[in-house]
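# Examining the three-dimensional arrangement
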Amino acid sequence: MDCDVIVVGAGLSGLVAAHELAAADRSVIMLDAEPLESIGGQAFWSLGGLFLVNSPEQRRLRIHDSEELALADWSGSASFDRLEDYWPRRWAEAYVHFAAGEQRRWLHDMGIGWFPLVQWAERGGYATPGHGNSVPRFHITWGTGPALVEPFANNVMHSHRVRIRSRHQVTSLQADGSGVHVSGQVLEPTEVPRGVQTSRNAVGEFTFSAQAAVVASGGIGGNFDLVRQNWPVGWGPPPQHMIAGVPDYVDGSMLKITEAAGGRVINPDRMWHYPEGIVNHSPIWSHHGIRILPGPSSLWLDARGQRFPVPLFPGFDTLGALRHVINSGYDYSWFVLDQATVSAEIALSGSEQNGDLTGKDLRLLAGRLRPGPTPEVREFQERGVDFVSAGSVLELAAQMNQLVGEHLIDGEALRQVIAARDLQVRSGLGKDPQVVATAAARRFLGDRLLRVVTPHELLDPKAPGTGRAGSGGPLVAIRLHVLTRKTLGGLETDLGGRVLRADGSALPGVYAVGEASGFGGGGVHGYRALEGTFLGGCLFSGRTAGRALASSL
């Protein structure tokens, strides 16, 4: 044996598993096709959001949460309904218990902290027990994704029990009574920046043997062919045009390799993609897109200018909105708002798009309380291809049509849509569900301070019928693309992280964690996720498998 355990993948879940194994004095070889500078994988690029339940941060904001409520929200969102959901359901119960218990203390003891204003993602908007978070639970790591990765990466890189072999691409995995054998190609060295597509030119070969292996290789979000191949039947045809929220190396190759070795992939048609993607003006990986994290006030319109149905408001039901986009016959949609709403409600996902939070810069962070968008949002307005702005509705509609190359938006019809919404705002109460939901959101301190603009009319009430922009500044339209992101299905695992075969028996010595395991069990989220649970799923599954292996070897 070359070591006790081989870990395939140096993303967050693999690092956590290696950290746990090294802490238990087990020897580890960690393999990754990317250079060492890319350690941390997708988690490095994330906002660092974590799903925590009944945390001190919530209690300070007078948020009343509990494990019981969180599990009810999870179950209502997941809608488990398949025979294959036995292990995913058990993983869900275990994960919610972890999020309500050990998770925060464990991470806090490693030096990780959180931004004090808890965010409210995936609000749902359906009757209980339907999809959505009943209360805010999205805790942003202070320092975002890099700060979450850092303690695990440092411990692994400085451990005498872990050998990291970057530029080692696994092409074969075999498991039998003699152990687990992993083979592949040594790739040529590269000095390209983190996230940039790397070559797959081989300069050698390798084979390692160990008592066990942990597959921590991620999902399929960077492989558009696999995304389309596994596209859910009930969603309509997969979009012809998509942008990528993950780097090129998220290609699903290890799922096929582990499946060929005898592991079982379940729920491959469950996915999590975003309908609010915009093209990155400074791309790092292929088809690089950024997700908008919207507040609830923007009008969400399809390609022809029709409002989305209730409750598909910005930030309420990601997959519901995605399916509506697909079924509209087009692969894009629009946010229509004004500059005041852009400044208050348009945020961007990702560590590189939030310099204040990532850099732990209190001076920059204070700027979020002042008028105007963040520097990153402002740069997208100035350089991005998906933003248009005008002083009147007719001018805005003309720019929207010019951007897409088709006359799909009727300017007068768009003016009527906006004017009808404004009339509801002017009433001070209103029956429009989005206006009512926006007013309700402002009851929460975090939303009122940072995420929800003061209700106001988009059009100038002193010039009725003209469609002229009101006091909130120029009208803005943002074209939104389908942004690929997460695989919700994956390798079926038991509660110890062992990969299972089709007959339900364990594949000897093979474990899976993170997105490769559907974040636990082969699909812990069921059909829908509650946000903050992808990084959390990597942490929990990596910790669980690492500790289970450490005790069994």
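Up top is the structure.
Okay, so let's go over this structure. This one's a predicted model, so the numbers in the text were calculated from it and none came from an experiment.

Cut-offs applied
The residue numbering used here restarts from 1 in each chain and proceeds along that chain's sequence as written. Given that the model is predicted, a residue must reach a pLDDT of at least 70 before its local features are reported, and side-chain atom pairs must reach 80 or more before they are shown or counted; all residues, however, enter totals for whole chains, interfaces and linings. Heavy atoms from the whole structure form the basis of all side-chain values; hydrogens and water molecules are not counted. Going along the chain from the N terminus, every DSSP run of H or I of four or more residues is numbered as a helix, and every run of E of two or more is numbered as a strand. Note on method: radius of gyration uses C-alpha positions; expected globular size equals 2.2 Å times residues raised to 0.38. Only protein chains enter the accessibility calculation, which uses a 1.4 Å probe; a residue is then buried when its area is under 20% of its type maximum, exposed when over 50%, and partly exposed in between. Residue-level accessible areas treat just the shown protein chains as cover; the underlying method is Shrake-Rupley with a 1.4 Å probe. None of His or the chain ends enter the tally, which takes Lys and Arg as positive and Asp and Glu as negative. In plain terms, the charge of a residue is placed at NZ if it is Lys, CZ if Arg, CG if Asp and CD if Glu. For this analysis, a nonpolar core means a set of buried residues of the types Ala, Val, Leu, Ile, Met, Phe, Trp, Tyr and Cys, connected via side-chain atoms within 4.5 Å. The contact rule is simple, with two residues in contact once any of their heavy atoms fall within 4.5 Å. Stacked, edge-to-face and tilted labels apply to pairs of Phe, Tyr and Trp rings (six-membered ring for Trp) whose centres lie within 6.5 Å, assigned for plane angles under 30 degrees, over 60, and everything in between, in that order. Here the arc refers to the set of directions running from the helix axis out to each C-beta atom. Each patch is assembled from residues with relative accessible area greater than 30% and no salt bridge, linking like charges that lie within 9 Å and nonpolar side chains (Val, Leu, Ile, Met, Phe, Trp, Tyr) that lie within 5 Å. Salt bridge, as used here, is a side-chain nitrogen of Lys or Arg placed within 4 Å of a carboxyl oxygen of Asp or Glu.

### Let's talk about the overall build of the chain
Scanning the chain from N- to C-terminus turns up 19 helices and 20 strands. For 553 residues, the compact-globule formula gives about 24 Å, and the C-alpha radius of gyration of the chain, at 24 Å, lands near that figure. Seen through its C-alpha atoms, the chain measures out along the principal axes to roughly 80 × 50 × 50 Å. When burial is assessed residue by residue, the chain has 60% of its 553 residues classed as buried. Accessible surface computed for the chain: about 20,900 Å², of which carbon and sulfur atoms make up 52%. The positive charge centre, built from 49 side chains, and the negative charge centre, built from 56, are 5 Å apart in the chain.

### Considerations on the nonpolar core
Counting residues in each nonpolar core, the largest one holds 100 residues, and the members touching the most others are I6, L12, W74, F152 and L539. Looking at which element gives the most residues to this core, the answer is helix α19 (residues 533-552), with 8 residues. Apart from residues lying up to four places away in sequence, L12 is in contact with G40, A43, L148, V149, F152, L535, C538 and L539. Membership of the second largest hydrophobic core comes to 22 residues, among which are V336, V393, L396 and L459.

### Digging into the packing of aromatic side chains
Taken as a whole and assessed by the stated rule, the structure comprises 23 aromatic pairs. Relative to W45, the ring of F44 lies with its centre 5.5 Å away and its plane at 85°, an arrangement referred to as edge-to-face. Taking relative accessible area as the criterion, F44 reaches 24% and is therefore assigned partly exposed. Between the aromatic rings of F51 and W74, the centroid separation amounts to 5.8 Å while the plane-to-plane angle is 80°, which identifies the pairing as edge-to-face. Of this pair, F51 sits in strand β3 (residues 49-51) while W74 sits in helix α4 (residues 67-78), and the two are 23 residues apart along the sequence.

### Considering helix α14 (residues 375-383)
If you check which residues of α14 are buried, you get E376, V377 and F380. In an axial view of α14, the angular spread of the buried residues amounts to 100°, which keeps them on one side of the axis. Turned more than 90 degrees away from the buried face of α14, the exposed residues are P375 and E382. At its buried positions, α14 is contacted by β11 (271-279), β12 (289-294), α11 (339-345), β15 (346-348), α12 (355-358) and β16 (387-390).

### Brief notes about a nonpolar patch on the surface
A surface patch of nonpolar side chains, amounting to about 280 Å² of accessible area, comprises L369, L445 and L449. One can find L449 in helix α18 (residues 445-451).

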